[in-house]
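Below are the chains, spelled out letter by letter.
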Amino acid sequence: VGVVQVLSGHPNAYVPRDLQFLESLALHVSTALANAHLFAEVQNELAERKQAEAALIDSEAKFSMAFKTSPYAITITRVADGLFIEVNDAFYAMTGFTRDETANNASIGLGLWVDGADRNRVVKELLSGRTVVGQEFNFKKKNGDRLIGLFSAQLIHLKNETYILSYLLPASLG
């Protein structure tokens, strides 16, 4: 990184104490230079991390807005028990259920699936590594009316838990 050079035209110009001092000085200078290099690396890494965090925040904001404003009913439910984790406004408008009704509740508990076996088949298909795209299923709205919908879903993994990200587009209302 650098060179410290001390010259003298006289033989034996330096006593052992002088040599110890120069060696100590060289060690401290090299340590300071190495620390300055490490500091610069850390500063660069921090700047890169801040850029990545800002990009992640932007990305989360975009996807959150897309989730919330989509005309499709979008839900995130836990695979194990169907518990709603996240539900968008289109779901509430389409089914008639409220936020309070989906909080701490499951699609099974709300009676959303006309045939619970349909949900079981979807979960089985997803757990086998496939996605569900545009399959027609019968759902029941809060008021008891039937909702025939084109249902799509895939598994997502968040915080060591497996969830179903699903989309529902009404095929017909009745």
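Structure shown above.
Keep in mind that what you see is a predicted model, and the values were worked out from it rather than measured. (Residues numbered from 1 in each chain as written. Predicted model: local features only at pLDDT ≥ 70, side-chain atom pairs only at ≥ 80, totals over all residues. Heavy atoms only, no water.)

1. Section: the overall build of the protein
Here comes step 1: Assigned secondary structure in the protein consists of four helices and five strands.
Here comes step 2: Scanning the protein from its N terminus toward the C terminus, one meets helices and strands in the order α-β-β-α-α-α-β-β-β.
Here comes step 3: Its C-alpha atoms give the protein a radius of gyration of 32 Å, clearly above 16 Å, the size a compact globule of 174 residues would have.
Here comes step 4: Its C-alpha atoms give the protein principal-axis dimensions of about 105 × 30 × 25 Å.
Here comes step 5: In the protein, buried positions account for 26% of the 174 residues. (Helix = DSSP H or I, 4+ residues; strand = E, 2+ residues; numbered from the N terminus. Rg over C-alpha atoms; globule rule 2.2 N^0.38 Å. Buried < 20%, exposed > 50% of the residue type's maximum accessible area, 1.4 Å probe, protein only.)

2. Details of the pattern of salt bridges
Here comes step 1: Using the criterion set out here, one finds four salt bridges in the structure.
Here comes step 2: Here arginine 99 ties to aspartate 89 by a salt bridge, and the two come within 2.6 Å at their closest N and O atoms. Of this pair, arginine 99 sits in helix α3 (residues 99–102) while aspartate 89 sits in helix α2 (residues 89–95); the two residues are ten residues apart in sequence, bridging distant segments of the chain.
Here comes step 3: Among the salt bridges present, the one from aspartate 118 reaches arginine 121, with a minimum N-O distance of 2.1 Å. Residue aspartate 118 and its partner arginine 121 are located together in helix α4 (residues 116–127), separated by three residues, close to a single helical turn. (Salt bridge = Lys/Arg side-chain N within 4 Å of Asp/Glu carboxyl O.)

3. Regarding the side chain of arginine 119
Here comes step 1: Following the sequence through the fold, arginine 119 ends up in helix α4.
Here comes step 2: As a buried residue without a salt bridge, arginine 119 has its nearest oppositely charged side chain in aspartate 81, at a separation of 6.3 Å.
Here comes step 3: Non-local contacts of arginine 119, meaning those with residues more than four positions away in its chain, are made with Arg78, Val79, Asp81, Gly82, Ser107, Ile108, Trp113 and Ile164. (Lys, Arg positive; Asp, Glu negative; His and termini not counted. Contact = heavy atoms within 4.5 Å.)

4. Quick word on the environment of tyrosine 163
Here comes step 1: Summarising the element assignment, tyrosine 163 is placed in strand β5 (residues 161–173).
Here comes step 2: The residues touching tyrosine 163, leaving out its near neighbours within four places in the chain, are Ile76, Thr77, Arg78, Val79, Ile85, Gln154, Leu155, Ile156 and Leu158.

5. A look at the nonpolar core
Here comes step 1: In terms of nonpolar packing, the biggest core is built from 22 residues, with Phe91, Val122, Phe139, Phe151 and Leu168 touching the most fellow members.
Here comes step 2: Elements with a minimum of two residues in this core: β2 (84–87), α2, α4, β3 (132–140), β4 (146–158) and β5.
Here comes step 3: Once residues lying within four places of it in the same chain are set aside, the contact partners of phenylalanine 151 are Trp113, Val122, Val132, Val133, Gly134, Gln135, Phe137, Phe139, Ser166, Tyr167 and Leu168.
Here comes step 4: Judged by nonpolar contacts, the second largest core, of six residues, contains Phe67, Ile74, Ile76 and Ile156. (Core = buried A, V, L, I, M, F, W, Y, C linked by side-chain atoms within 4.5 Å.)

6. Some points on the pairing of β3
Here comes step 1: As paired strands, β3 and β4 are joined by seven bridges and run antiparallel to one another. Paired with lysine 140 across the bridge in β4 is arginine 146.
Here comes step 2: Where β3 hands over to β4, the hairpin turn is made up of five residues, of which glycine 144 adopts a positive phi near 95 degrees. (Pairing = 2+ DSSP bridges.)

7. Things to note about α4
Here comes step 1: Helix length check: α4 (twelve residues) gives 17 Å between terminal C-alpha atoms against 16 Å at 1.5 Å per residue, within 8%.
Here comes step 2: Every buried residue of α4 is accounted for by Asp118, Arg119, Val122, Val123 and Leu126. Taken end-on, α4 shows its buried residues confined to a sector of 135 degrees, consistent with a single buried face. Every exposed residue of α4 that faces more than 90 degrees away from the buried side is listed here: Lys124 and Leu127.
Here comes step 3: With a side-chain oxygen lying 3.0 Å from the backbone nitrogen of alanine 117, the N-terminal cap of α4 falls on aspartate 115. (Expected span 1.5 Å × (residues − 1). Arc of directions from axis to C-beta. Polar contact = N/O pair within 3.5 Å; in protein donor to acceptor, adjacent residues only side chain to side chain.)

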